[in-house]
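Coordinate analysis (summary)
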Amino acid sequence: MTIFKGRTLIAMLLMSLVFVGCSNDDDEELTGNWIKKSSFDGPARSSAASFVIGSYAYVATGYTGDEYLKDLWAYNSDGDYWEQKADFTGIARSSASGFSIDGNGYIGLGYDGINKLNDFFQYNPDNNTWTQKADFTGTARYSAVGFQVGGKGYFGTGYDGNYLKDFYQYDANSDTWTQLNGFSGNKRRNAAVFVIDDKAYLGTGVNNGSYQVDFWMFDPSDESWTRKRDIDQDTDDDESYNDDYVIVRSNASAFTMNGLGYIACGESSKTIWEYDPATDVWKERTALEGSGRTDAIGFSINERGFVLLGRSGSSYYDDIWEFRPQDEQNDDDN
C-alpha cells in the first residue's frame, strides 16, 4: 500500500509539471505568421545575391552544393510567380553582394570556388541586360554586406583571407568607388544589414570563429557610424529581451517592414527577431515555419518581408516564405 501511494504521488507531481509547462508555453506564445509562397523556379541553392526593383525581387548566382551559378530570376510579388531573366555575365559565383540604385540592380564580389572576386556588374531590367562597371577598389572578397542608402551603394566587411571591416561607397553617376572611414566595429564576414528611414543597421557575423555582438547604425548624410545596444545585452525594462542571446548568429537573412528591421535564420536556425529603432530594443517573433537554414536570402517588397533559399548541412532549399509579424501563427494555412 505504501508503494502504491508513492507512485500515485509521483504521477500527480508529473501531471502538475505538465500543466505548468503548458501554461508557461501559452504565456510565451509569440506573434507572427509565415505564409509559403510559390517555390523558386531555379535550382535550390545557398549564398545567392539579390536586389529589389519596384515590386520585383531579383535573385542571381549562388551554390547548389555541386555547382556555382550565374542564372538570374525575377520574383513578381503581386502575382506570386518567377520569371527567368538574362544570365549574369560575370563568372559563376556564390557569396556575392548586391543592391539597387535608381531602377538598376548591381552585383559584385563573391567566390568562384577558386578565386575571391572584385568585379562589379549592373543589371538594367528595362532591356534585360548586364553591363560590367568599375571594379570594386577594395580587396577581392566574399561574404560582404551590400546596401543602398542616400542614393549611393555600399559594400563592406567580408573575407579576403583576412576578416574585414572596411567600407566603400559606389556613385552610379560617376561609376566610381570611394573608401569610407569611421567604422569602429569589429571585423566580420556573413553579417546582416537592413535599411530603415535611409539609415543602415548592421550586426551579427563571425570573426575568427567568434560571433560578433556589436550593432551599428550608418547615417549617409554625414557618413557617420553610431554604436547601438549590443545584441547580447538585456534591458532593464524588458526581461524577455535576447533570452539566451539567440539574436547572435552569422549567415542570417535580413529585411525591413513598416519602420522595423528583422533578422532571421542562420546556422540552421528558424528564429526571427524584430528591431525597433525608436527604442533600440529587439522582440522575438514566431520562428520560420519551414526548415531552419543558413545562407538564405531576405528582402522586402512594398512593406512585405520574405525569406527564401539557403541550406542546412547538405540539404539545399528552393522554398520562399512571407512573414506577417502582426498575424497570429496558423498551422493550417500552408
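Note: the structure precedes this text.
A brief look at the structure comes next.

Let us look at the overall build of the protein. Of regular secondary structure, the protein possesses 1 helix and 28 strands. By the burial criterion, 51% of the 334 residues in the protein qualify as buried. For the protein, restricting intrachain contacts to residue pairs at least 6 apart in sequence, the fraction spanning at least 24 positions comes to 50%. For the protein, the accessible area works out to roughly 15,000 Å², and carbon and sulfur atoms hold 43% of it.

Quick look at the packing of aromatic side chains now. For the structure shown, the criterion picks out 52 aromatic pairs. Ring geometry for Phe-215 versus Trp-282: centroids 5.3 Å apart, planes at 65°, classification edge-to-face. With Phe-215 in the loop between strand S17 (210-211) and strand S18 (216-219) and Trp-282 in strand S23 (residues 281-285), this residue pair connects regions lying 67 residues apart in the sequence. Just as Phe-215 is buried, Trp-282 falls in that class too. Three or more aromatic residues joined by ring pairs make a cluster, and in this case those are Phe-99, Tyr-106, Phe-120, Phe-136, Phe-155, Tyr-168, Tyr-170 and Trp-177. The side chain of Arg-189 reaches across the aromatic face of Tyr-159, ending 5.0 Å from its centre.

Quick look at the pattern of salt bridges now. Tallying each qualifying case throughout the model produces 12 salt bridges. With a shortest N-O distance of 2.7 Å, Asp-71 and Arg-45 are connected by a salt bridge. Of this pair, Asp-71 sits in strand S4 (residues 68-76) while Arg-45 sits in the loop between strand S1 (33-36) and strand S2 (49-53), and the two are 26 residues apart along the sequence. We classify Arg-45 as buried; its relative accessible area is 0%. Note that Arg-324 is salt-bridged to Glu-322, the shortest N-O span being 3.8 Å.

A separate point is the side chain of Asn-33. Within the secondary structure layout, Asn-33 lies in strand S1. Accessibility expressed as a relative area gives 4% for Asn-33, which makes it buried. Polar side-chain contacts of Asn-33 include one of 2.9 Å to the backbone nitrogen of Asn-330.

Once that is clear, we can look at the sheet that holds S23. Reading across from one edge, S20-S21-S22-S23 is the order of the 4 strands in this open sheet, with antiparallel pairing throughout. With one partner strand each, in any of the chains shown, strand S20 (253-257) and S23 form the two edges of the open sheet. The sheet shows a mean angle of 25° between the axes of neighbouring strands, direction not considered. As judged from the 5 bridges shared by S20 and strand S21 (residues 260-264), these two strands associate in the antiparallel manner. Each residue of the ladder has a partner; that of Ser-253, found in S21, is Ala-264.

Moving on: the nonpolar core. Among the nonpolar cores identified, the biggest contains 15 residues, and Phe-194, Tyr-201, Phe-215, Ile-231, Ile-263, Tyr-275 and Trp-282 are the most heavily contacted of them. Of all elements in the fold, only strand S14 (192-196) and strand S22 (272-276) reach the threshold of two or more residues within this core.

At Asp-80, a residue that is not glycine, the phi angle is positive and equals roughly 60°. Along the chain, Asp-80 falls in the loop between S4 and strand S5 (81-85). Taking relative accessible area as the criterion, Asp-80 reaches 25% and is therefore assigned partly exposed. Residues other than glycine seldom take positive phi values, yet Cys-265 does so here, at roughly 60°. Using a relative accessible area of 0% as the deciding quantity, one classes Cys-265 as buried.

About the criteria used
- Residues numbered from 1 in each chain as written.
- Predicted model: local features only at pLDDT ≥ 70, side-chain atom pairs only at ≥ 80, totals over all residues.
- Heavy atoms only, no water.
- Helix = DSSP H or I, 4+ residues; strand = E, 2+ residues; numbered from the N terminus.
- Buried < 20%, exposed > 50% of the residue type's maximum accessible area, 1.4 Å probe, protein only.
- Contact = heavy atoms within 4.5 Å.
- Areas by Shrake-Rupley, 256 points an atom, 1.4 Å probe, with all protein chains shown as cover.
- Phe/Tyr/Trp six-rings, centres within 6.5 Å; stacked < 30°, edge-to-face > 60°.
- Lys NZ or Arg CZ within 6 Å of the ring centre and 35° of its normal.
- Salt bridge = Lys/Arg side-chain N within 4 Å of Asp/Glu carboxyl O.
- Polar contact = N/O pair within 3.5 Å; in protein donor to acceptor, adjacent residues only side chain to side chain.
- Pairing = 2+ DSSP bridges.
- Axes fitted to C-alpha atoms, helices over the stretch in contact; angles between N-to-C directions.
- Core = buried A, V, L, I, M, F, W, Y, C linked by side-chain atoms within 4.5 Å.

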